[in-house]
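Summary of the model geometry
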Amino acid sequence: MDEPSMPTPPAHSPGPPAPPIPLAELLASKDLGLRRIAGPADADLLWVHTSEMADPYPYLLGGELLLSAGVLLTDPDHYVARLVEAGAAALGFGVRPVHERVPEALIEACDRYGLPLLEVPPETPFTTIARAVWRLMAEARHRELRRVTRAQQALATAAARPDPVPAVLHQLAAQLSGRAVLLTGRGEEVHAAGRRPPPEAAAALARLARVVARERPGSPASATDTHAGTHLAAYALGGGEGLVLSLATRRREAGDHTVAGIAVVLLSLLAAPHQGADAADRSAALVRLLLGATPAEVAPLLGSAGPWTVIHARRSDGTTADALTAGALGASLGSALVDAGREGGDTVRVLLPSTAGEATREAGGGEAAARREVTPQPGGEEPPTPPQAPTVPAQPGWTLGVSAPTPLVALGSADLRAARALAHAEATRAPLTVDTPVTGLAALIPPDQAAAHARTLLAPLTPPLADTLRCWLSLHGSWDRTAVALAVHRNTVRQRIGRCAVLLGVDLNDMDVRTELWFALRQE
């Protein structure tokens, strides 16, 4: 008898080294000749153990297929009761040389206590059964690893999409064949994917989410439950946002917990892309603004004193971006200063400090900057170098409008220019449009004089007419594209442009007139 010298109580059993093996798979091995003669057909095998002790309870971990020839079997009822108490999964009884057949009392006891009983023929050694179980476990482990690897790749691909949080949840629901829900600590649904569970199970899932929500000290990181045959699980996400990933599946398979763990890591990163000292500085900046500080005083807390770039963005498919998706866009652009447009608008605004733009330019704009020439002014003075447009990359699934780098005191104007650039990008079906600063000959005119001339020239126009004229000129007089950019009918554009020509008293088909008006409109 090969018993361990130190018995281990079943209550402290370690986890199995491989996924459990259904008893049916072992019985399907015809070369073993095993036959179930009592007890239920369903059981999961975690180990194989051989024992001829009258009471092997102290040496069982739970989940075993216990193999025995019944050398010391005297009380079958007590023997089976102790096996069930220890958590044994099944009993394999070998006939001959001790017993010619399986004792009838043992069969009755296994039926009574619900323990599967297998008859092991004389020609099948116990070691052969053990090897078969370990082989099945190795195959199951290999299948599990392949499944987890495929799931990891699919989830990582989903996390790289323009809408990463919904995409990860959708992929997770597909991998687990269930429901994946992102909930707040109060049980409010943020995103969901997969088939809805019954209302009672959904309510139980929300309650389970509140158990792990990190709104009070000592909350567990995860919790599981079962409701009417539906397996429920809840995982707290990192980052201190109080978000919970909740899962509801009809069945639980090997590797599910690992796949869910991968999703938890990805969603934690996506839901809270910027934490720590940066978040503390942003909070301090907001407090100081509310207490009367000027934007120039709090700008260093936001990562830069300037210049700043304003970015307006809308989803290319026309859907409205939620706060998590907007935050992921900001993280991709290198900024945590994101306005998700929660007042009902579909435009996301991102404030990009100069450090983020400089890092991008260092990666790809240095050569172009080196080729840039400066034309000296009369008297040997060089003109001031205007701030360069940031190298903002296009974002898959988004349409972007980008302002020129702007001092902190002119962010309002930059916000307007970014909105115009976004309208231009949508009208031309371009993924990105940058509102470049005034350069060339126009930059040689002193800004105050240019602004005064623009005010005088455009004085007859109302703001809507001036916006329409600016958009129309930027799109080379295209009625259709201007209508798309302004979200009005093309006939409305024609009426407004005609009105502009009357009020200004000019011929808008004249290139010189268009050029002067464009110069003036660029000063606003």
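Our structure's up above, just so we're on the same page.
As the structure is a computational prediction, the values presented were derived from the model and not from experiment. (Residues numbered from 1 in each chain as written. Predicted model: local features only at pLDDT ≥ 70, side-chain atom pairs only at ≥ 80, totals over all residues. Heavy atoms only, no water.)

Now for the sheet that holds strand β5 (residues 64-68). The strands that make up a sheet are held in pairs by hydrogen bonds between backbone atoms, and each pair lies either parallel or antiparallel. The sheet built from five strands is open, its strands ordered β2-β7-β6-β5-β4 with mixed pairing. Taken across any chain shown, the strands that pair with only one partner, and hence form the sheet edges, are β2 (35-38) and β4 (47-50). Strand-to-strand twist in this sheet, taken as the mean axis angle between neighbours without regard to direction, amounts to 30°. Pairing of β2 with strand β7 (residues 117-120) involves three bridges; the strand directions are antiparallel. What sits directly across from R35, in β7, is E119. Lying over the sheet, helix α4 (residues 126-159) contacts β4, β5, β6 (90-94) and β7, oriented at roughly 165° with respect to β4. (Pairing = 2+ DSSP bridges. Helix = DSSP H or I, 4+ residues; strand = E, 2+ residues; numbered from the N terminus. Axes fitted to C-alpha atoms, helices over the stretch in contact; angles between N-to-C directions. Contact = heavy atoms within 4.5 Å.)

At the junction of R96 and P97, the peptide bond is cis and its omega measures out at 5° in the coordinates. If you trace the backbone, P97 turns up in the loop between β6 and α3 (104-113). Although it is not a glycine, R429 adopts a positive phi angle of roughly 60°. When you line up the elements, R429 lands in the loop between α13 (411-428) and β17 (432-434). The exposure class assigned to R429 is exposed, which follows from its relative accessible area of 80%. (Buried < 20%, exposed > 50% of the residue type's maximum accessible area, 1.4 Å probe, protein only.)

On the basis of which strands lie adjacent, the open sheet formed by five strands has the order β9-β8-β12-β11-β10 and antiparallel pairing. Single-partner strands in this sheet number two, and they are β9 (189-193) and β10 (222-227). Taking the axes of each pair of neighbouring strands and ignoring which way they run, one obtains an average angle of 15° across the sheet. Alignment of strand β11 (residues 230-236) against strand β12 (residues 244-249), held across six bridges, turns out to be antiparallel. Considered in β12, the bridge of H231 is made with T249. Running over the sheet, helix α6 (residues 199-212) touches β8 (178-183), β10, β11 and β12 and is turned about 25° from β11. Where helix α7 (residues 256-271) meets the sheet, its contacts fall on β11 and β12, and the angle it forms with β12 comes to roughly 150°.

Looking at the element boundaries, A487 is found in the loop between α16 (479-486) and α17 (490-504). Under the relative-accessibility criterion, A487 is labelled exposed at 69%.

What follows deals with the nonpolar core. Ranked by size, the top nonpolar core spans 31 residues in total, and within it L155, V168, L169, L172, L245 and L247 carry the most contacts. Counting residues per element, this core draws most heavily on α7, at nine residues. Those residues in contact with L169 that lie beyond four places of it in its chain are A180, L182, H191, A192, A193, L245 and L267. V48, L65, L67 and A89 belong to the second-largest nonpolar core, a separate cluster that totals 22 residues. (Core = buried A, V, L, I, M, F, W, Y, C linked by side-chain atoms within 4.5 Å.)

Next up on the list: the side chain of T399. For T399, the position within the fold is in strand β16 (residues 398-402). If sequence neighbours within four positions are ignored, T399 has contacts with H312, A313, R314, S316, L422, A425, E426, A430 and P431.

This next bit is on the packing of helix α5 (residues 164-176) against α7. Orientation of α5 relative to α7, taken along the N-to-C sense of each, is 175°, at an axis distance of 10 Å. One element, α5, and the other, α7, form an angle in the roughly antiparallel class. Listed contacts from α7 to P164, V165, V168, L169, L172, Q175 and L176 of α5 are D256, V259, A260, A263, L267 and L270. Looking at side-chain class alone, the contact of α5 with α7 contains 11 nonpolar, one polar and one charged residues. (Parallel < 35°, antiparallel > 145°, perpendicular 65-115°, else oblique. Nonpolar A, V, L, I, M, F, W, Y, C, P; charged D, E, K, R; others polar.)

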